[in-house]
Amino acid sequence: MTLLSRIRVVLVGTQHPGNIGAAARAMKTMGLRELALVAPAAFPDPRAEAMAVGAADLLAQARVCASLDEALADCAFVAATTARPRHISALSYTPRDWAQRLATGDNAGRIALLFGRERTGLTNQEIERAQELVAIPTAQDYTSLNLAAAVQIVGYELLLAAGASAQELPAHEPVGHADLERFYVHLEQVLIRTRFLDPANPRLLMRRLRRLFGRAAPDANEMNILRGILTSVTDALARERGAGGA
Ligand code: SAH
């Protein structure tokens, strides 16, 4: 699979259907084909088609999803675009650095690239789903691009980077988003049971751990080991409780 065919552009909560059409046009000119729309305000819509012009086929194939999780379920990797720098959640790249790393790095599987709402962008919770952030450098006093313009710029860098490394890369297959989410649930349960994590005062622990494991991009084998470790902790706790006498 080529880099461009592995990218799914995910537009979250788009308010103006014209922007969906313009984003589809931006995608097609850059060789991107897979579009998912999470809870768009209006779609399908003639205003989207008017702006898509020659990219109406992308709109016709676009998948409309009720939730972000649905749009990400089979993605091995999630990146979010944001105009505002956020410190904790994830590593932040320029589109150029991000695209080059994807094109030359050891990675495989489907990649989701998230774009937010026109007025308010992505919520913190949505951004937490991403292992990496992509921020387009701008003038300091106005950092917010039009949605389709942002798609165009990131798409352009992906196209250039993909062309520069057209060869297929041997890679391990990272687990999908749904498996990773199950792991985080399991991990949180175990950390609460061992009292490492205080649910009344969780601080940023889970967010930091998401960042750590997101960076490691574990494959299926590694995920089995991690889940096995968690299960061994739960079993040990249960045995201790048993040995201590009821
Ligand atoms: N006021 C919003 C801007 C939303 S613009 C905010 O501050 O987040 C709509 C979407 O376009 C954003 O959610 C993001 O996906 C993309 N976008 C706009 N400007 C961007 C930039 N400088 N870098 C990366 N993405 C950008």
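What counts as what
Residues numbered from 1 in each chain as written. Predicted model: local features only at pLDDT ≥ 70, side-chain atom pairs only at ≥ 80, totals over all residues. Heavy atoms only, no water. Helix = DSSP H or I, 4+ residues; strand = E, 2+ residues; numbered from the N terminus. Buried < 20%, exposed > 50% of the residue type's maximum accessible area, 1.4 Å probe, protein only. Contact = heavy atoms within 4.5 Å. Areas by Shrake-Rupley, 256 points an atom, 1.4 Å probe, with all protein chains shown as cover. Lys, Arg positive; Asp, Glu negative; His and termini not counted. Charge placed at Lys NZ, Arg CZ, Asp CG, Glu CD. Pairing = 2+ DSSP bridges. Right-handed = clockwise from strand over helix to strand, strands pointing away.

**Student:** Can you walk me through the overall build of the chain in this structure?
**Tutor:** Of the regular secondary structure elements, the chain holds eleven helices and seven strands. Once the C-alpha set of the chain is aligned to its principal axes, its extents read approximately 75 × 40 × 35 Å. Of all 246 residues assigned to the chain, the portion counted as buried reaches 45%. Intrachain contacts of the chain at a sequence separation of at least 6 include 84% that bridge at least 24 residues. By element, 55% of the accessible surface of the chain is carried by carbon and sulfur atoms, the whole surface being about 12700 Å². Of the charged side chains in the chain, 27 are positive and 25 negative; the average position of the first set lies 4 Å away from that of the second.

**Student:** What is the right way to read the pairing of strand β1 (residues 7-12) from this model?
**Tutor:** Looking along a regular strand, one sees side chains alternate from face to face of the sheet. Among the six residues that make up β1, six are buried, leaving the element largely enclosed by the rest of the structure. Residues Ile7, Val9 and Leu11 of β1 are buried on one face, and the alternating residues Arg8, Val10 and Val12, pointing to the opposite face, are buried as well. Relative to strand β6 (residues 111-115), β1 runs parallel, the two being bridged by five bridges. In the strand pairing of β6, Arg8 is matched with Ala112. Here five bridges tie β1 to strand β2 (residues 34-38), and the two strands are oriented parallel to one another. Opposite Arg8, over in β2, you have Glu34 as the bridge partner. Of the crossover connections in this fold, the one passing from β1 over helix α2 (residues 17-29) to the parallel β2 is right-handed.

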